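Single-letter residue listing:
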Amino acid sequence: MRKILRWFTPLIAVGVAVFILFFLISINSDKASVALAPLEHKSDVVAEKPQQVWLNHFSKTEKLGYFYPVNEVLIQVDLNEKIVEIKPTIYKLSAALIDPYQLFCLKEELKRHNLKYYLKKDKNGTELLIYSKEREKLDSLVEVLKKYQISATVGLYKEDV
């Protein structure tokens, strides 16, 4: 049994080497390159009819020895007209938070009401700010926050100019 195992390993190595040799020869043969032909680029270009555009008339005209090198267009804009911009009314809910439990309760209620919020932390404590266009939603949130003993106020939001 030992004699068979001693000769078996070199036989496998020689078999693998012969396989790799035939594989490399078949990959690098010249027959494959002779059978290849260069690719031809076939392009069928369809010429579209130029559309009649009134601006093209100006680029083709010649009057008094002058022709238009580019298309010219005159646009009049009345800049004296006042643009009235309607700004939506934005409301601000602010609530001072004292302890982490109030913050937890507040976050859960905000998830229920689908409101985005901003926490402002400073040396005086944590304050929650909510900006919304719907006053009714903010008023209902203030009523819910009273159950958790969180005092909140709703007012108009004024930007710092």
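Notes on the structure follow. Numbers given to residues run from 1 along each chain, matching the order in which its sequence is written. Reporting of local features is limited, given that this is a predicted model, to residues whose pLDDT is at least 70; pairs of side-chain atoms are given and counted only at 80 or more, and all residues count toward the totals for whole chains, interfaces and linings. Computation of side-chain values: all heavy atoms of the structure, hydrogens and water removed.

### Some thoughts on the packing of aromatic side chains
Here is step 1: Only centres within 6.5 Å qualify two rings of Phe, Tyr or Trp (six-membered ring in Trp) as a pair; their planes then separate them into stacked at under 30 degrees, edge-to-face at over 60, and tilted for everything else. Following the criterion strictly, the structure yields one aromatic pair and no others.
Here is step 2: Geometrically, the ring pair formed by Phe 19 and Phe 23 is stacked, given 6.3 Å between the ring centres and 15° between the ring planes. Within this pair, Phe 19 and its partner Phe 23 are both found in helix H1 (residues 2-27), separated by four residues, close to a single helical turn.
Here is step 3: Between buried and exposed lies partly exposed: a residue is buried under 20% and exposed over 50% of the maximum accessible area for its type, with that area taken using a 1.4 Å probe on protein chains only. By relative accessible area, Phe 19 is classed as exposed at 57%. Strands are runs of DSSP state E lasting at least 2 residues, helices are runs of H or I lasting at least 4, and numbering of each runs from the N terminus.

### Here's the deal with the nonpolar core
A general feature of soluble globular proteins is that nonpolar side chains tend to end up buried together.
Here is step 1: Formed by 16 residues in total, the largest nonpolar core has its most connected members in Leu 93, Leu 106, Leu 110, Leu 128, Ile 130, Leu 138 and Leu 141.
Here is step 2: Looking at this core, the elements with two or more residues in it are strand E3 (91-97), helix H4 (100-113), strand E5 (125-132), helix H5 (135-147) and strand E6 (152-156).
Here is step 3: What Leu 106 contacts, discounting residues up to four positions off in sequence, is Leu 97, Leu 128, Leu 145 and Ile 150. Here, the term nonpolar core denotes a set of buried Ala, Val, Leu, Ile, Met, Phe, Trp, Tyr and Cys residues that are joined through side-chain atoms within 4.5 Å. Contacts between residues were defined by any pair of non-hydrogen atoms, one from each residue, lying within 4.5 Å.

### Observations regarding the packing of H4 against H5
Here is step 1: Lines fitted to the C-alpha atoms define the axes, with helices restricted to the stretch that makes contact. Angles between their N-to-C directions range from 0 to 180 degrees. Where H4 contacts H5, the two axes come as close as 11 Å, and the packing angle between them is 145°. Crossing geometry of H4 relative to H5 is assigned as right-handed. Every residue of H5 that contacts H4 at Leu 106, Glu 109, Leu 110 and His 113 is listed here: Lys 137, Ser 140, Leu 141, Val 144 and Leu 145.
Here is step 2: Residue classes in the contact of H4 with H5 are distributed as five nonpolar, two polar and two charged. Here is the rule for handedness: rotate from the far helix to the near one, and if that takes an anticlockwise turn smaller than a right angle the crossing is left-handed, while a clockwise turn gives right-handed. Charged residues are taken to be Asp, Glu, Lys and Arg, nonpolar residues to be Ala, Val, Leu, Ile, Met, Phe, Trp, Tyr, Cys and Pro, and polar residues to be all remaining types, Gly included.

### A word on H4
Here is step 1: Given a helix with a known number of residues, its expected span is that number minus one, times 1.5 Å. The end-to-end C-alpha distance of H4, which contains 14 residues, comes to 20 Å, matching closely the 20 Å that a straight helix rising 1.5 Å per residue would cover.
Here is step 2: By the burial criterion, the buried members of H4 are Gln 102, Cys 105, Leu 106, Glu 109, Leu 110 and His 113. When H4 is viewed along its axis, its buried side chains cluster within an angular range of 140° and face the same direction. In H4, the exposed positions that point more than 90 degrees away from the buried face belong to Pro 100, Tyr 101 and Lys 111.
Here is step 3: Check the buried side of H4 and you find it contacts E3, E5 and H5.
Here is step 4: Backbone geometry just after H4 places Asn 114 at a positive phi near 55°. Note that the arc is computed from the directions linking the helix axis to the C-beta atoms.

### Observations concerning the sheet that holds E6
Here is step 1: With antiparallel pairing, four strands are arranged side by side in an open sheet as E4-E5-E3-E6. Of all the strands in the sheet, the pair left with one neighbour each is strand E4 (118-122) and E6. Going across the sheet, the axis of each strand differs from the next one's by a mean of 25°, ignoring polarity.
Here is step 2: Here a strand pair is declared whenever DSSP counts at least two bridges between the two strands. As judged from the five bridges shared by E3 and E6, these two strands associate in the antiparallel manner.

Purely spatial values, then, with no claim about function.
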